[in-house]
Amino acid sequence: MLNAEELKEWIAQNGTGEKERRYINGISYLFTVMNDGWIAIFEVDNGLYIPLIQARDIAHAESWCVMRERPNVPFNIF
């Protein structure tokens with residue numbers, strides 16, 4: 001997990017600076033274009049940026065995010 005300052009450093013080293021916020025299925029995401037043209041996907045939660053996966057383009061990034069959703073019932077992880 002990265003805070004805002006760590007994310008800024010990560011983008012300076014690995015990205016082009018192009019980024020976009022998206023809200024899909026009740027989850028906030030940050031899409032960041034990397035130096036190789038791929039999209040890095042971060043989940044945004046309470047000011048933290050959680051790296052998830054990379055996608056070839058915006059269409060693939062969106063389709064991956066559409067498949068994720070938060071459970072709406074209590075559950076335990078063991």
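A brief report on the enclosed structure follows. (Residues numbered from 1 in each chain as written. Predicted model: local features only at pLDDT ≥ 70, side-chain atom pairs only at ≥ 80, totals over all residues. Heavy atoms only, no water.)

1. A short note on the pairing of strand 3 (residues 39–45)
So the rule is basically this: Three labels apply to residues, based on accessible area from a 1.4 Å probe with only protein chains included: buried if under 20% of the type maximum, exposed if over 50%, partly exposed otherwise in between. Only runs of H or I of at least four residues qualify as helices and only runs of E of at least two qualify as strands under DSSP, and these elements are numbered from the N terminus. For two strands to be treated as a pair, DSSP must find at least two bridges joining them.
Most of strand 3 sits out of view: six of its seven residues are buried. Both strand 2 (residues 27–34) and strand 3 contribute to a ladder of six bridges, which runs antiparallel. Considered in strand 3, the bridge of L30 is made with F42. Taking the residues that link successive antiparallel strands as the turn, the strand 2-strand 3 hairpin has four residues, and the phi of G37 there is positive, at about 95°.

2. Side note on the side chain of S28
Our working rule: Any pair of N or O atoms that falls within 3.5 Å is considered a polar contact. Within protein, one atom must be able to donate a hydrogen and the other to accept it, and sequence-neighbouring residues count only if both atoms are side-chain atoms. We call two residues in contact when some of their heavy atoms are within 4.5 Å.
Position of S28 among the secondary structure elements: in strand 2. According to the relative accessible area criterion, S28 is buried, its value standing at 17%. Within the structure, the side chain of S28 is placed 3.1 Å from the side chain of R21, a separation counted as a polar contact. For S28, the contacting residues outside a window of four places in its chain are R21, R22, Y23, F42, E43 and V44.

3. Re the sheet that holds strand 4 (residues 48–55)
Filter applied, for reference: Axis definition: a line fit to C-alpha positions, over the contact stretch in the case of helices; interaxial angles, taken between N-to-C directions, run 0 to 180 degrees.
A sheet is described by the order of its strands in space; here four strands give the open sequence 1-2-3-4, paired in antiparallel fashion. For this open sheet the edge positions go to strand 1 (15–24) and strand 4, each flanked by a neighbour on one side alone. Between one strand and the next, the sheet's axes are offset by a mean angle of 25°, whatever the strand orientation. As defined by bridge partners, strand 1 adjoins strand 2 across seven bridges and the pair is classed as antiparallel.

4. A word on the pattern of salt bridges
Inclusion rule: Here, a salt bridge means any Lys or Arg side-chain nitrogen found within 4 Å of an Asp or Glu carboxyl oxygen.
For the coordinates displayed, the defined rule picks out four salt bridges. A salt bridge links E62 to R22; the nearest nitrogen and oxygen atoms lie 1.8 Å apart. Of this pair, E62 sits in helix 2 (residues 58–66) while R22 sits in strand 1, and the two are 40 residues apart along the sequence. Measuring nitrogen to oxygen at the nearest pair gives 2.6 Å for the salt bridge that ties E43 to R70. With a gap of 27 residues between them, E43 in strand 3 and R70 in the segment after helix 2 connect regions that are remote in the sequence. When its relative accessible area of 41% is taken as the criterion, R70 is described as partly exposed.

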